[in-house]
Amino acid sequence: MLKRIGKDQLRVGMFIEAIEGSWLNAPFSGRRYTLECEEEAARLRCSDLYGVFINTSKGLDVTPAVAEQHEINALCQAAKTPYGSSGRKVRILTADKIKRTSGLLKGIFDDVNAGAAVTVETVSPVIEEITQSLDVDPSVFINMTRMKSKDEATFLHSLAVSALMIRLARHLKIDKFLVPVLGMSGLLHDIGKIGTPIEILTKAGALTDAEMDLIRRHPELGHRMLSRGKGMPEIVLDVCLHHHERPDGKGYPIGLRNGEISLYSRMAAICDVYDALTSARPYKKPWTASEAVSWMLDTKGAFDRGLLREFIDGVIRA
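A quick note: this is a predicted structure, and the numbers were derived from the prediction, not measured.

## Looking at the pattern of salt bridges
Per the stated rule, a full pass over the model turns up seven salt bridges. Between R266 and D304 there is a salt bridge, with the nearest N and O atoms lying 2.5 Å from each other. In this pair, R266 is assigned in helix α12 (residues 263-278) and D304 in the loop between α13 (289-298) and α14 (305-316), connecting sequence segments 38 residues apart. Of the residues examined, R266 reaches a relative accessible area of 22% and is grouped as partly exposed. Here D313 ties to R317 by a salt bridge, and the two come within 2.7 Å at their closest N and O atoms. The exposure class of D313 is partly exposed, given its relative accessible area of 39%. Exposure remark for R317: the relative accessible area of 44% places this residue in the partly exposed category.

## As for the nonpolar core
One finds V118, L187, L188, I191, L226, Y274 and F311 to be the most contacted residues of the largest nonpolar core, which totals 57 residues. Of the residues forming this core, the biggest block, ten residues, is contributed by helix α6 (residues 153-171). Of all hydrophobic cores here, the second largest spans twelve residues; its members include I5, Y33, L35 and A41.

## Thoughts on helix α1 (residues 38-45)
Of all the residues in α1, the buried ones are E40, A41 and L44. Each buried residue of α1 lies within a common arc of 100° when the element is viewed along its axis, so the set occupies one face. In α1, those exposed residues whose orientation departs by more than 90 degrees from the buried face are E39 and R43.

## Some words on the packing of aromatic side chains
The description of an aromatic ring pair rests on the distance of the ring centres and on the angle between the ring planes. With the rule as written, the count across this model stands at two aromatic pairs. Ring geometry for W287 and W295: centres 6.0 Å apart, planes at 80°, overall edge-to-face. When its relative accessible area of 31% is taken as the criterion, W287 is described as partly exposed. Taking the relative accessible area as the measure of exposure, W295 reaches 37% and is therefore partly exposed.

## Let's talk about the environment of S158
Topologically, S158 is positioned in helix α6. In sequence terms S158 and S102 are 56 residues apart; their C-alpha atoms lie 9.0 Å from each other.

## Here's the deal with the packing of helix α10 (residues 218-227) against helix α11 (residues 234-242)
For the pair α10 and α11, the least separation of the axes is 7 Å and the interaxial angle reads 160°. In terms of axis orientation, α10 runs roughly antiparallel to α11. By crossing handedness, the relation of α10 to α11 is classed as right-handed. Contacts from P219, E220, G222, H223, L226 and S227 of α10 reach α11 at V236, L237, C240 and L241.

Reading the values: rules and limits
Residues numbered from 1 in each chain as written. Predicted model: local features only at pLDDT ≥ 70, side-chain atom pairs only at ≥ 80, totals over all residues. Heavy atoms only, no water. Salt bridge = Lys/Arg side-chain N within 4 Å of Asp/Glu carboxyl O. Helix = DSSP H or I, 4+ residues; strand = E, 2+ residues; numbered from the N terminus. Buried < 20%, exposed > 50% of the residue type's maximum accessible area, 1.4 Å probe, protein only. Core = buried A, V, L, I, M, F, W, Y, C linked by side-chain atoms within 4.5 Å. Arc of directions from axis to C-beta. Phe/Tyr/Trp six-rings, centres within 6.5 Å; stacked < 30°, edge-to-face > 60°. Axes fitted to C-alpha atoms, helices over the stretch in contact; angles between N-to-C directions. Parallel < 35°, antiparallel > 145°, perpendicular 65-115°, else oblique. Left-handed = near helix turned anticlockwise from the far one by under 90°. Contact = heavy atoms within 4.5 Å.

Shown next, in the form of structure tokens:
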């Protein structure tokens, strides 16, 4: 079983699948291994990490008696808040906010699946919740959406991409009135996946050609769904339709190239892929931030490289 723990919970005998933290300073980045000596454990505890993924089927689990306090301490450290009761409050408020926003989003998606139109008014409360969380701490909300079960993966991914879009927009100093719209675009970018069998969305192995064709339809389906709602911003529609386009023209659904892709869709492509790579799922281990951005930088033609470096500097390193 894959489990996210705080670095203070580490003990010899645990099997480490991945680590979270500053991707430039993370020791042992990219390794999967059993923690065999106290010196190594101490180095990790003293590092800039704020989370570690362990595999309890291959090594030791957290001691139940101390798990709760360690979880609180790890979240407090990530949020840069004092330990103790205030840390518990941060954890509870963040978890409650994610539960509430995920529930709101699920309700919206269920309504759309039943034929209802999406409107700015129905989505705005979710964006407000995300924005408030980011104002408290820009990293805790995103980090707590990383562990995604099959049932909640779509909703938590949408929340995370929305939060990443808001953070990137703020870093780029985009007009403050557009920031909530970009958050909305991240929230709704995958709405076209409604109705796609969960067995395909969560399939561990390679998709068949027929399954891939079905997946590739979601931008156009989502665009049609969102177009039914009155007053849906053009930016939201654009991101929904074009977040899988690539500068080299090998994306979909249209195959746009370079300057044909809007800034906002180029932003969404980066946020979308980064969250997908760094999230833990029941069928895959998460990549570290270092592994994710290294792969994205090495994948020629897939992303706007200048924008990707801004994302690394302003969101990952921040």
